[in-house]
Amino acid sequence: MRRLLPLAASLLLAPATLADVAVIVHAKNTIATPPPKEVQDIFLGRTRAFADGRFAMPIDQSSPLRAEFYQALTARPIEQINAYWARLLFSGQASPPRQLADDAAVLKIVRENEAAIGYVDPAHIDRSVRVLLLLKP
Amino acid sequence: MSRRKQRYLHRKLAVSVFWAALLFAVFIAILSFFAEFKRASDKNRVMLAQLLDTVESTAAIAAYSGNRAIGEDVLKGLLRNDIVHEARLQADQSLDLRLARDGPSVAQTELVRTLHSPFGEGEAIGTLTVVPETSFSLEEARDSALLGALNSAAVIGLTAMILLVLVRNSLSRPLTKVSDALHAIKAGEAERLDALPQNQNDELGQLVQDINSLLDKVQEKFKDERRLLRQIQAVERQLRSIFENTSAGIFLLDGRGRLQAANPTLGRVLGLPAAEADALLGEDFPGQAFATAKPFIALMRQADECGQVVAADLPLRNHGTASANAWVHCLLSRHTDSEGALCFEGVVYDITERRALEMSVRHEADHDPLTGLRRRQAIERDLATLLEAAQASESRHVVMLLDLDNFKDVNDSYGHSAGDIVLVETARRLRSCVRASDWVARLGGDEFMIVLVDCVPLGRASDIARHIVYAVTLPIPLGPQQEGQVGVSIGIAIHDQAHQTLGDLFQAADLAMYEVKRQGKNGYGMAGPDGVVKVEKIGTGRAS
């Protein structure tokens, strides 16, 4: 056991390139855990509401976690997501979710807004938000 | 065959080729229309599928996001293609767009493409549908068919024209030349077709060679035939000359003896006047030609029965021109004519002179030159014939044998010439004592014989015998102041049951005569049925 501890420590400290991504909502949001497809529809602008009909406001990030999130959610590279939004933007009838700088900004918005839904590194989660879904890479 | 007909034949070929080409072009046009229509439709479908491939991802985005603007852009883009009649975009979330071209909509197989979500597991999120433009395919097919028809018509027409020119130059012209040349040649002439230098080794060259060899053969045959004809004519002339100039009369009779045909000589042989030579045609030949019809009819029957040539000498009927008692020798044979009817073919020739000669020779042979009476062999022959005939009929004949008495004395006293005078005178007297139909013969020396033909009644024989004795015993003047006298002994035999044959009669007559001699001459004796000779002596003026 003693010989194994340093190995476990080195794994935990390694850069989180393939880490989980946690989808978070306001602490008072009580909807049931949705399938990843519903989360995908909200973030890609297909729907603007949760399954229970309440308004949903997706919050995006401009950090490196963004690529990991969309990869985990849609199994597509981030370039394709960008191209998708570019095409919708061109039609002038749709706009992508609002982008924030990092996890801290996202956590702040989600704490304040009941309709908000965002994603963060699980390491930064506290009790002020509710983890709706944990996306595995 | 005239030249006009030949040209017509040529034109007919051109017209036939034209119609065949036209029919072919139409056929090909129809065929190519359907093929082209199918091909264009298939091509359209492929192109539509490719179009769908092109816009699929954009349409999927529009369907996924429910973006109307992008969807309409996609449909407009599709409609910009001529081959698309109508386009529809349907998504799950109440997105239902439809864009169609003006114009009639024909029921068509539409192309439906299922749209998948651009993200995640590729779930179906809507459909993109296009309807192909039929009239486009039709137009294309029609254009293509027309072009095909034009193409094929042009190619076929050009080929036909080239073919026509080739046929005309290498076949029709030489053929026309050969035909015209052949037309001008008369069968059996020495002219021949010119060889075709360009067609030396092909069928036309062979045709010319064959025609020339055929002409050679025809000419040869003509020559042969002419030679043969000349020979036949010569033979015919000879035969005709023989038929017309022969001394024999040739004739053809039908089954009933009517004259059917005759050569010119027949009239002459039959002794007809020149003008009447043909008058007998169709007439009863046996009755008209011969003295009596019966022998000839018998000859016809004989010819019919034995089937061979039969012949007879026949006396002709006297027509007043030829000498009386004209005779012909007639050969007759039976035939069957082409229709199977019985007919007779005959030849007659004049034997009048020959017969006269024969008769005179026979007369000389049969008669004693001194007395003119029949000789022994003649009367024996004739008597044999007479007796044979008598067996059938009931005729009774009487034979007398006569022997002169004292003839030797006259001969010795007055010489042979006196004896001859006695014999001649006796013969004359004997003949005068009997009928013309009775026979008197000198058997030799001073022996005579008399046959009373058909003597009725028999008693007359005695009267005649008595009369003969009286007549013969009369004195015979031998010269100035000289007379001779002879007697006669007669033996009589009657042809009856007892005396059937010539030998019997002779023997009986001889016996009777010797019986008279034995009893003293100058009388007659007759053998009765019982064989006893009854003798009657007759006293005369100067009994010896």
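Criteria and cut-off values
- Residues numbered from 1 in each chain as written.
- Chains lettered and ligands numbered in written order.
- Predicted model: local features only at pLDDT ≥ 70, side-chain atom pairs only at ≥ 80, totals over all residues.
- Contact = placed C-beta atoms within 7 Å.
- Helix = DSSP H or I, 4+ residues; strand = E, 2+ residues; numbered from the N terminus.
- Nonpolar A, V, L, I, M, F, W, Y, C, P; charged D, E, K, R; others polar.
- Core = buried A, V, L, I, M, F, W, Y, C linked by C-beta atoms within 7 Å.
- Buried ≥ 20, exposed ≤ 12 C-beta atoms within 10 Å, placed from the backbone.
- Pairing = 2+ DSSP bridges.
- Axes fitted to C-alpha atoms, helices over the stretch in contact; angles between N-to-C directions.
- Parallel < 35°, antiparallel > 145°, perpendicular 65-115°, else oblique.
- Left-handed = near helix turned anticlockwise from the far one by under 90°.
- pLDDT = per-residue confidence, 0-100.

**Looking at the interface of chain A and chain B**
- Contacts between the two partners involve 15 residues from chain A and, on the opposite side, 10 residues from chain B.
- If you list the elements that add at least two residues to the side of chain A that touches chain B, you get helix 2 (36-43) and helix 4 (78-91) of chain A.
- Counting residues per element, the side of chain A that touches chain B draws most heavily on helix 4 of chain A, which supplies four residues.
- Residue classes in the side of chain A that touches chain B are distributed as five nonpolar, six polar and four charged.

**Details of the environment of Ala-312 of chain B**
- On the secondary structure map, Ala-312 of chain B appears in strand 7 (residues 310-315).
- With near-sequence residues (within four places) excluded, Ala-312 of chain B lies in contact with Pro-295, Leu-299 and Cys-330 of chain B.

**Focus on the nonpolar core**
- Core analysis: the biggest nonpolar cluster contains 52 residues, and Ile-24 and Val-110 of chain A together with Ala-59, Ala-63, Val-74, Leu-78 and Leu-89 of chain B have the highest contact counts within it.
- Contact partners of Val-74 of chain B, with chain neighbours within four places excluded, come to Val-55, Thr-58, Ala-59, Ala-62 and Leu-89 of chain B.
- Counting residues in hydrophobic clusters, the runner-up holds 48 residues, among them Ala-441, Val-451, Leu-505 and Ala-527 of chain B.

**With respect to the sheet that holds strand 12 (residues 447-452) of chain B**
All names here are of chain B.
- In space, the six strands of this open sheet follow the order 11-12-10-15-16-17, with mixed pairing throughout. Two strands close off the open sheet at either side, each with one partner strand: strand 11 (439-444) and strand 17 (533-537). Direction aside, the axes of adjacent strands within the sheet are offset by 20° on average.
- Contacts between helix 13 (residues 502-518) and the sheet are confined to strand 10 (398-405), strand 15 (487-494), strand 16 (523-527) and strand 17, with strand 15 contributing the most and set at about 145° to the helix.

**Concerning the packing of helix 11 (residues 416-433) of chain B against helix 12 (residues 460-472) of chain B**
Residue and element names in this part refer to chain B.
- Running from N to C, helix 11 and helix 12 point in directions that differ by 150°, and their axes come no closer than 10 Å. The angle between helix 11 and helix 12 places the two elements in the roughly antiparallel class. Pair helix 11 / helix 12 crosses with right-handed handedness. Taking contact as the criterion, the partners of Thr-426, Arg-429, Leu-430 and Cys-433 in helix 11 are, on helix 12, Ile-464, His-467, Ile-468, Ala-471 and Val-472.

**Things to note about the confidence of the model for chain A**
- Model confidence for chain A is summarised by a mean pLDDT of 84, while 86% of its residues fall at 70 or above.
- Within the model, the stretch residues 1-16 of chain A combines pLDDT values under 50 with one contact to residues more than four positions away or in other chains.

**Quick look at the sheet that holds strand 3 (residues 111-116) of chain B**
All names here are of chain B.
- Across the sheet, which stays open at both edges, the four strands sit in the order 2-1-4-3 with antiparallel pairing between neighbours. The open sheet has two free edges, formed respectively by strand 2 (95-100) and strand 3, since each of these has just one partner strand. Shown here is a sheet whose adjacent strand axes are inclined to one another by a mean of 15°, direction ignored.
- Relative to strand 2, strand 1 (residues 84-91) runs antiparallel, the two sharing six bridges. Residue Leu-89 lies in a different strand from strand 2, and its bridge partner there is Leu-97.

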